[in-house]
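Understanding the architecture of this molecule
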Amino acid sequence: MDFTVIVCTYNRSGNLPSCLGALAAQEGVEHLDWEVLVVDNNCSDDTPKTVENLSRELPIRLRYALESQQGLNYARNHGVLSSQGTHFTFVDDDIHVSPHWLASLAEAFERTDADAIGGRIHLDPSIELPPWIVPGSEIAGFLGYQDLGEEQFRMDGRNRYPFGGNMSFHRRVVGRIGLFDPKLGRKGEGRKRGELFKGAETDYFYRLADAGEARIFYEPRAIVYHRVQPHQLQQRYFLTIHFNAGFQKALYDGRQYRRRALGVPLFLYPPLTRAVGKYLGLLATRGPDQAFRQLMTVGHFLGTMAGYRRARRETA
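This write-up is about the structure you can find in this document. Quick caveat: nothing in here was measured; it's all calculated off a predicted structure.

Our focus in this paragraph is the side chain of Arg 120. Relative to the helices and strands, Arg 120 resides in strand S6 (residues 116–123). With a relative accessible area of 7%, Arg 120 lands in the buried category. Only 3.1 Å separates the side chain of Arg 120 from the backbone oxygen of Pro 220, close enough to count as a polar contact. The contact partners of Arg 120, leaving out residues within four places of it in the chain, are Gln 146, Asp 147, Gly 149, Glu 150, Asn 166, Tyr 218, Glu 219, Pro 220, Ala 222, Ile 223 and Val 224.

In structure tokens:
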């Protein structure tokens, strides 16, 4: 089999008809042997029944799998181990793929012999963004947006790498670096502070890059659209993912720092002070919308400090 498309889902059965319907409408894939695998991450809604119904209605090979351990990376790993394709590719349940998405990926893998490929992720044009999110800006990237231009190029896996909503791999990658780290990534619906962790795929691409000679490519023709959820357009969401990113990074740092205050390495206090000062200056001169990105940075520092304090307590 050429491809397994893995859709990990938790309590969002209402998204599946649109997501899977777009996959069923793929064009130019007559020569491909491929399947879609829906991984139910211990859902409590009607996801199993929805997948069963869609498997009868849609003209694609559609399978269902259950992963009872809560967490996106547990679901991803289950999908990888249950997949049958030479290549496996991930899309989220709130992603709508473009008609030539899979055909573009297949051609790109054949042309480049890539270990991994990422494509464009655009925000669904029907979504009305608040004024503090500029379309195509850095801050839009925290909603999964990624567009690196019209030309295909090789990515280094550290400064540039695919985002989780549109990433594909050759199976040999698993033999080189293993599976996704289940300690990382979103848990549950990602609405609470203890659930909302981003960047699980960042760790995976870092590991792939560190393994040496990683062939990671950007394929601009493989376009998907992210149907952003209403709660993801609230400032609290952005502050939480930044706080949690710092917390998670510090919690698993593992290095020892002798110079600490209140359990926090001393080197963090000066940049936090500068970040707060910059935020207050922007707030006074440009207003809250323009200052919000800097407030996210402050949140990241606070989360990092909280992570080091938690790690200190757990090892005491």
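Another aspect to go through is the environment of Arg 309. Relative to the assigned elements, Arg 309 resides in helix H10 (residues 288–315). The class of Arg 309 is partly exposed, set by a relative accessible area of 32%. As for Arg 309 and Pro 265, which are separated by 44 residues in sequence, their C-alpha atoms are 9.2 Å apart. Residues in contact with Arg 309, not counting those within four places in the same chain, are Leu 262, Gly 263 and Val 264.

Further remarks concern the side chain of His 170. Here His 170 lies in strand S8 (residues 167–170). For His 170, a relative accessible area of 17% translates into the label buried.

This paragraph deals with the pattern of salt bridges. Counting across every chain of the model gives 20 salt bridges. Arg 76 is paired through a salt bridge with Glu 201; the nearest N and O atoms lie 3.3 Å apart. Placement of Arg 76 in helix H3 (residues 72–82) and of Glu 201 in helix H7 (residues 200–210) is noted, with a sequence separation of 125 residues between them. Close ionic contact of Arg 255 with Asp 253 constitutes a salt bridge, the shortest N to O distance being 2.7 Å. Relative accessible area serves as the criterion here: at 19%, Asp 253 is assigned to the buried category. Through salt bridges with shared partners, a single network forms among Glu 107, Arg 111, Glu 219 and Arg 221.

Criteria and thresholds
Residues numbered from 1 in each chain as written. Predicted model: local features only at pLDDT ≥ 70, side-chain atom pairs only at ≥ 80, totals over all residues. Heavy atoms only, no water. Helix = DSSP H or I, 4+ residues; strand = E, 2+ residues; numbered from the N terminus. Buried < 20%, exposed > 50% of the residue type's maximum accessible area, 1.4 Å probe, protein only. Polar contact = N/O pair within 3.5 Å; in protein donor to acceptor, adjacent residues only side chain to side chain. Contact = heavy atoms within 4.5 Å. Salt bridge = Lys/Arg side-chain N within 4 Å of Asp/Glu carboxyl O.

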